[in-house]
Amino acid sequence: MLCENVNHRLCQNFGADRRDILSPRSAAFNATHGAIGRIAPAYTAIPPPPGRSMLNPEQFVVLVGLMGAGKTSIGRRLADTLGIPFIDTDEEIVNAAGCSIADIFEIYGEQAFREVEERVMARILSETPSVVATGGGAFINDQTRDLIARHSISVWLKADLKILLERTKRRDSRPILKAGDPQKILRELMETRYPIYAEADLTVETGEESVSDTLQGIMAALETLMPTDGAKPNEV
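Basis of the calculations
Residues numbered from 1 in each chain as written. Predicted model: local features only at pLDDT ≥ 70, side-chain atom pairs only at ≥ 80, totals over all residues. Heavy atoms only, no water. Pairing = 2+ DSSP bridges. Helix = DSSP H or I, 4+ residues; strand = E, 2+ residues; numbered from the N terminus. Axes fitted to C-alpha atoms, helices over the stretch in contact; angles between N-to-C directions. Contact = heavy atoms within 4.5 Å. pLDDT = per-residue confidence, 0-100. Expected span 1.5 Å × (residues − 1). Buried < 20%, exposed > 50% of the residue type's maximum accessible area, 1.4 Å probe, protein only. Salt bridge = Lys/Arg side-chain N within 4 Å of Asp/Glu carboxyl O.

## Examining the sheet that holds strand β1 (residues 60-64)
Pairing within the open sheet is parallel, and its five strands lie in the order β2-β3-β1-β4-β5. At either end of the open sheet lies a strand with only one pairing partner, and these are β2 (86-88) and β5 (202-205). Adjacent strand axes in the sheet meet at a mean angle of 25°, parallel and antiparallel pairs treated alike. Across three bridges, β1 lies against strand β3 (residues 131-133) in parallel orientation. Looking at β3, one finds that Leu-63 is bridged to Ala-133. Lying over the sheet, helix α3 (residues 71-82) contacts β1, β2, β3 and β4 (152-158), oriented at roughly 160° with respect to β1.

Set out below in structure tokens:
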């Protein structure tokens with residue numbers, strides 16, 4: 001069902017001029033803030049513990065992978081450790097549009113969402129270096145993948161079907177999984193997207209281990225990959 005009343009009206013921010021979503025302080029963003037009085041709070045990064053230097057504070061780290069891989073939860077912890085901000089691209093789009101991603105899919109379609117997703121990623125990667133959690137389809141877009149490759153270290157959080165199915169069952173707001181049997185859809189997405197996710201700079205397995213264990217794996221990989229002169233691995 002389409003969002004009703006104020007949410008449906010606010011979602012028109014998305015359709016009126018999608019260029020507005022490029023800026024977090026656009027008219028659409030501010031109208032949304034004033035109308036519903038709730039914008040996801042800015043995430044304040046915690047400096048790294050004494051004795052641990054930040055890994056290249058001028059470098060973006062972009063997390064990619066399927067829904068349920070843990071990009072947001074792990075991303076927040078990774079940002080804390082690196083001492084840089086955390087950004088969730090889905091939250092950026094929702095804040096600007098004034099309605100959920102499920103509503104955007106239903107009202108405007110997936111293609112329109114992907115176009116805005118690409119623009120949001122371009123804007124994010126032109127601003128303050130941060131840890132960025134992307135939507136499951138972002139890295140599949142050729143232009144978005146190229147942006148990520150040129151401006152960041154990309155990390156694929158790889159999980160098996162059992163883990164993804166278990167985690168995605170906890171939320172019913174994922175529009176792609178509403179189109180049929182979630183297990184079948186996830187399996188098909190794994191078949192088509194995993195070869196593309198494999199183009200990321202790093203691959204880190206995530207499963208039943210704790211977030212802390214996954215974080216340690218990412219940190220160990222980053223410390224190995226990141227050159228001391230600040231260049232990206234493929235630029236060395």
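## Things to note about the confidence of the model for the chain
Within the chain, residue pLDDT values average 75, and 68% of them lie at 70 or more. Of the regions scoring below 50 in pLDDT, residues 1-10 engages in 21 contacts with residues more than four places distant in sequence or in other chains. When the criterion is pLDDT under 50, residues 17-54 qualifies, and its contacts beyond four places in sequence or with other chains add up to 66 contacts.

## Brief notes about helix α6 (residues 110-124)
Its 15 residues give α6 an end-to-end C-alpha distance of 21 Å, which sits within 8% of 21 Å, the value for a rise of 1.5 Å per residue. What α6 keeps buried is the set Ala-112, Phe-113, Arg-114, Val-116, Glu-117, Val-120, Met-121, Arg-123 and Ile-124.

## Notes on the pattern of salt bridges
The final tally for this structure, using the stated rule, is nine salt bridges. Ionic pairing is found between Arg-123 and Glu-127, a salt bridge with its closest N-O pair at 3.6 Å. By relative accessible area, which is 9% here, Arg-123 ends up buried. Arg-145 serves as the salt-bridge partner of Glu-199, at 3.2 Å between the closest nitrogen and oxygen. Of the two residues, Glu-199 sits in the loop between α9 (182-197) and β5 while Arg-145 sits in helix α7 (residues 142-151), which places them 54 residues apart along the sequence. Judged by its relative accessible area of 15%, Arg-145 falls in the buried class. Put simply, Glu-92, Arg-123 and Glu-127 are held in one network by salt bridges that share partners.

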